[in-house]
Amino acid sequence: MCGIVAYIGHQEAYPIILKGLKRLEYRGYDSSGIALYGKQIESYKKKGRVSELETWDAPILHEAHAGIGHTRWATHGEPTDANAHPHQSNSGKITLVHNGIIENYASLKAELIQKGYTFQSETDTEVLVNFIEDIQINNNSSLEEAMRIALKRVVGAYVIIVLEDGFPDRLIAARKGSPLVIGVGEGEHFLASDASPIIEYTKRVIYVNDYELAIISKDDIILKNLGNEPVTPYIQQLDMELAQIEKGGFDHFMLKEIFDQPASLTDCLRGRLDVATLSLTLAGVDQHLSVFTQAKRIIIVACGTSWHAGLIAEYMIETICRIPVEVEYASEFRYRNPIIHSGDVIIAISQSGETADTLVAIERAKEQGAFIFGVVNAVGSSIARLSHAGAYTHAGPEIGVASTKAFTAQLAVLAMMALKIGKAKQTLTDADYKHYLVELSQIPEKVQVILSSHELIKEVAQVYAEANNFLFLGRGYNFPVALEAALKLKEVSYIPCSGYPSGEVKHGPIALVDETLPTLFIATKDKYYDKIVSNIQEIKARKGKVIAIINPDDTAIRGVSDHVMEVPETDELLAPLLTVIPTQLMSYYIGVLRGLDVDKPRNLAKSVTVE
Ligand code: AGP
């Protein structure tokens, strides 16, 4: 899950590639490098952030009009200068950057070593570039032909962009499993893992598909498949603004994206929820309504935060639509050889739309005849294109590695899906349907109310910033919020912590409780309220510190808690869209107070494009 960028055209390539890598740094940031084609190919790579590349000072920086760049998330080989990309073939004639994993690299490497090839790094990528060179030499073929042959023999995922000595006016790129976007300019072209490095230069883009090769010069783009057949490029218009991928005056993207939520939720509901006519339009569901109303089972497949959204959707769909729902970790689902019946509906939830585990899981389910519905944020992404139908979450670009606004937008879409299907199945009364629509329409402004209390939440964070552990508890719809809160705090503060259904605590986790352990309860008014009150007393009885997320009119829990954070009342089905906000802010502040880079936490990356 690296970030790759390339440029060919009339401008200086170096500043464009450097800026592009900084935009993609959330995809991986343990080492980076650039190769430029001036009079010859020269490359520069270093362990560490992209800013390290600014120490490169060479004439080629200003004379090269073509180049490739890479920011890395290590898979094969530790973050070192040698393992950083680009990698060159033994002859030095071929230079490439790669995002993905070559699973059969060890056997290929053994073959090449037999033939006398030597290796400077531990990477699968250096094996790939030499494998391509070996085929080119043995077949006396063009680079394009050698790449086609080589890529038919590699197993795994890749996007590669290649420079070849003697061909200063050409880049060749290929894709399978990892994302690649081409930006179409006037006399210049841009290539990148996603549109964020491209948006300021052009809004005309081509999303390259699996098993496609692109031969790119400054005036031309030729697309072919691995069978050497031409493919007609499909140029799309980006609906994203540059401002959306800037920090907008906030210290971090994570904080900006938390504060984006009133707007991102409004965008997510726009054109779908019409509270005046109390109607709901969700094209992807409308066009396949019978698939849902006749579904015997719904299987939700996702990872991380998206999996937590899936757990909440299970409560929503089972309650409203009376359809059994199973929520699966994609990485387990794909290897478990799951039983898929015809009539099963798979809902794949993903912010990036590129998470390899989820992608491969739905490929498997699709092969077995399941109907795939994607709930995705990134427009044009692989999961969106693989699904039979879907709904975009319209949360806008999410740059911070810790997912925040995409999560609440996922919940809004999943709630709308449940309401649509429940209405069609008449498992939901008209009165309840209208009630939920009105409640949902008020969520964005209620989120704004919570955000206005951010200073108070910051004070709570200051009290617990040095905690060595944390417990998050909730019941019903708020149980998965407890899991999500624990994940967020882990991601940005590195505090080992866990989330549980409150009722589960006395079956073990309560052993952790003492005067040093803070326990955060999500305790809004619902049918579980009285149970939560007694759970809080169990913690207090063991001198545990209690933080509670409550409704403004709460007195019982306010009276027994050490700290409270308020959220406006709403229906329990929609409560997670509100109760998660204080946990996002608290995690953010604790991460910042601990001096950590909350936008790029260690060892993480925004889009996990390898298994
Ligand atoms: C969440 O903050 C993490 N970035 C991570 O768990 C993420 O949710 C997971 O990798 C799934 O990503 P996706 O939604 O893009 O598929």
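Above this text you will find the structure in question.
The notes below deal with the structure included here.

Conventions and cut-offs
Residues numbered from 1 in each chain as written. Predicted model: local features only at pLDDT ≥ 70, side-chain atom pairs only at ≥ 80, totals over all residues. Heavy atoms only, no water. Helix = DSSP H or I, 4+ residues; strand = E, 2+ residues; numbered from the N terminus. Buried < 20%, exposed > 50% of the residue type's maximum accessible area, 1.4 Å probe, protein only. Near = heavy atom within 4 Å. Polar contact = N/O pair within 3.5 Å; in protein donor to acceptor, adjacent residues only side chain to side chain. 1 Å grid on protein atoms, 1.4 Å probe; cavity = no way out; pocket = protein on both sides within 12 Å on 5 of 7 lines; lining within 4 Å. Sits in = over half its atoms within 2 Å of the grid points. Nonpolar A, V, L, I, M, F, W, Y, C, P; charged D, E, K, R; others polar. Expected span 1.5 Å × (residues − 1). Phe/Tyr/Trp six-rings, centres within 6.5 Å; stacked < 30°, edge-to-face > 60°. Disulfide = S-S within 2.5 Å. Pairing = 2+ DSSP bridges. Contact = heavy atoms within 4.5 Å. Axes fitted to C-alpha atoms, helices over the stretch in contact; angles between N-to-C directions.

### Focus on unusual backbone geometry
With the exception of glycine, the majority of residues adopt a negative phi angle, and the majority of peptide bonds are in the trans configuration.
Turning to step 1, where the next piece is worked out: In this chain, His85 is followed by Pro86 through a cis amide linkage whose omega measures 5°.
Turning to step 2, where the next piece is worked out: Secondary-structure assignment places Pro86 in the loop between strand S4 (66-72) and strand S5 (87-88).
Turning to step 3, where the next piece is worked out: The residue Leu278 is not glycine, and still its phi comes out positive at about 50°.
Turning to step 4, where the next piece is worked out: Positionally, Leu278 belongs in the loop between strand S16 (273-274) and strand S17 (279-280).
Turning to step 5, where the next piece is worked out: Using a relative accessible area of 21% as the deciding quantity, one classes Leu278 as partly exposed.

### Observations regarding the site of the ligand
Turning to step 1, where the next piece is worked out: Close contacts around the ligand come from 14 residues, with Ser306, Ser350, Gln351, Ser352 and Thr355 the closest.
Turning to step 2, where the next piece is worked out: Within the backbone of Thr305, an N or O atom sits 3.0 Å from an oxygen atom of the ligand.
Turning to step 3, where the next piece is worked out: Note that an oxygen atom of the ligand is positioned 2.6 Å from one of the side-chain N or O atoms of Ser350.
Turning to step 4, where the next piece is worked out: Structurally, the ligand is housed in the second largest pocket.
Turning to step 5, where the next piece is worked out: When residues of the shell around the ligand are assigned to their parent elements, the largest contribution, 3 residues, is made by helix H10 (residues 304-321).
Turning to step 6, where the next piece is worked out: Tallied by class, the residues present in the shell around the ligand amount to 4 nonpolar, 8 polar and 2 charged.

### Some words on helix H14 (residues 405-425)
Two residues of an α-helix separated by three or four positions point the same way, owing to the 3.6 residues in each turn.
Turning to step 1, where the next piece is worked out: With 21 residues, H14 extends 30 Å between its outermost C-alpha atoms, agreeing within 8% with the 30 Å of an ideal straight helix rising 1.5 Å per residue.
Turning to step 2, where the next piece is worked out: When you tally the buried positions in H14, you get 18 out of 21 residues, the bulk of the element.
Turning to step 3, where the next piece is worked out: Downstream of H14 by one or two residues, Gln426 has phi in the positive range, about 55°.

### Let's talk about the packing of aromatic side chains
Turning to step 1, where the next piece is worked out: Taken as a whole, this structure holds 12 aromatic pairs when the rule is applied.
Turning to step 2, where the next piece is worked out: Here Phe190 and Tyr201 contribute two aromatic rings whose centre-to-centre distance is 4.7 Å and whose plane-to-plane angle is 10°, an arrangement assigned as stacked. One end of the pair, Phe190, is in strand S10 (residues 189-192); the other, Tyr201, is in the loop between S10 and strand S11 (204-207), and 11 residues separate them in sequence.
Turning to step 3, where the next piece is worked out: A ring pair is formed by Phe292 and Phe371, whose centres lie 6.1 Å apart and whose planes are at 85°; its orientation type is edge-to-face. Residue Phe292 is found in helix H9 (residues 289-293), and its partner Phe371 is found in strand S21 (residues 371-376); the two are separated by 79 residues along the sequence. Each member of the pair, Phe292 together with Phe371, is buried.

### Here we look at the state of the cysteines
Turning to step 1, where the next piece is worked out: According to the stated counting rule, one finds 0 disulfides in the structure shown.
Turning to step 2, where the next piece is worked out: In this structure Cys303 is a free cysteine whose sulfur lies 18 Å from that of Cys2, the closest cysteine sulfur available.
Turning to step 3, where the next piece is worked out: Given a relative accessible area of 22%, Cys303 falls into the partly exposed group.
Turning to step 4, where the next piece is worked out: Looking at the unpaired Cys497, the closest cysteine sulfur is the one in Cys303, lying at 19 Å.

### Describing the pairing of strand S18 (residues 297-302)
Turning to step 1, where the next piece is worked out: Of all 6 residues in S18, 6 are buried; the element is thus mostly enclosed.
Turning to step 2, where the next piece is worked out: Here S18 shows no split at all, with Arg297, Ile299 and Val301 on one side and Ile298, Ile300 and Ala302 on the other all buried.
Turning to step 3, where the next piece is worked out: Across 5 bridges, S18 lies against strand S20 (residues 344-350) in parallel orientation. The residue bridging Arg297 from the neighbouring strand is Asp344, located in S20.
Turning to step 4, where the next piece is worked out: Pairing of S18 with strand S19 (residues 325-329), which is carried by 5 bridges, proceeds in the parallel orientation. Looking at the pairing, Ala302 lines up with Tyr329 of S19.

### Considerations on the sheet that holds strand S8 (residues 171-176)
Turning to step 1, where the next piece is worked out: Within the open sheet, the 7 strands sit side by side as S5-S6-S7-S8-S12-S13-S14. Their pairing is antiparallel. Where the open sheet ends on each side, the last strands, each with one partner, are S5 and strand S14 (230-231).
Turning to step 2, where the next piece is worked out: Strand contacts of helix H4 (residues 124-139): S5, strand S6 (94-102) and strand S7 (156-164), with the helix running at about 125° to S6, the strand carrying the most contacts.

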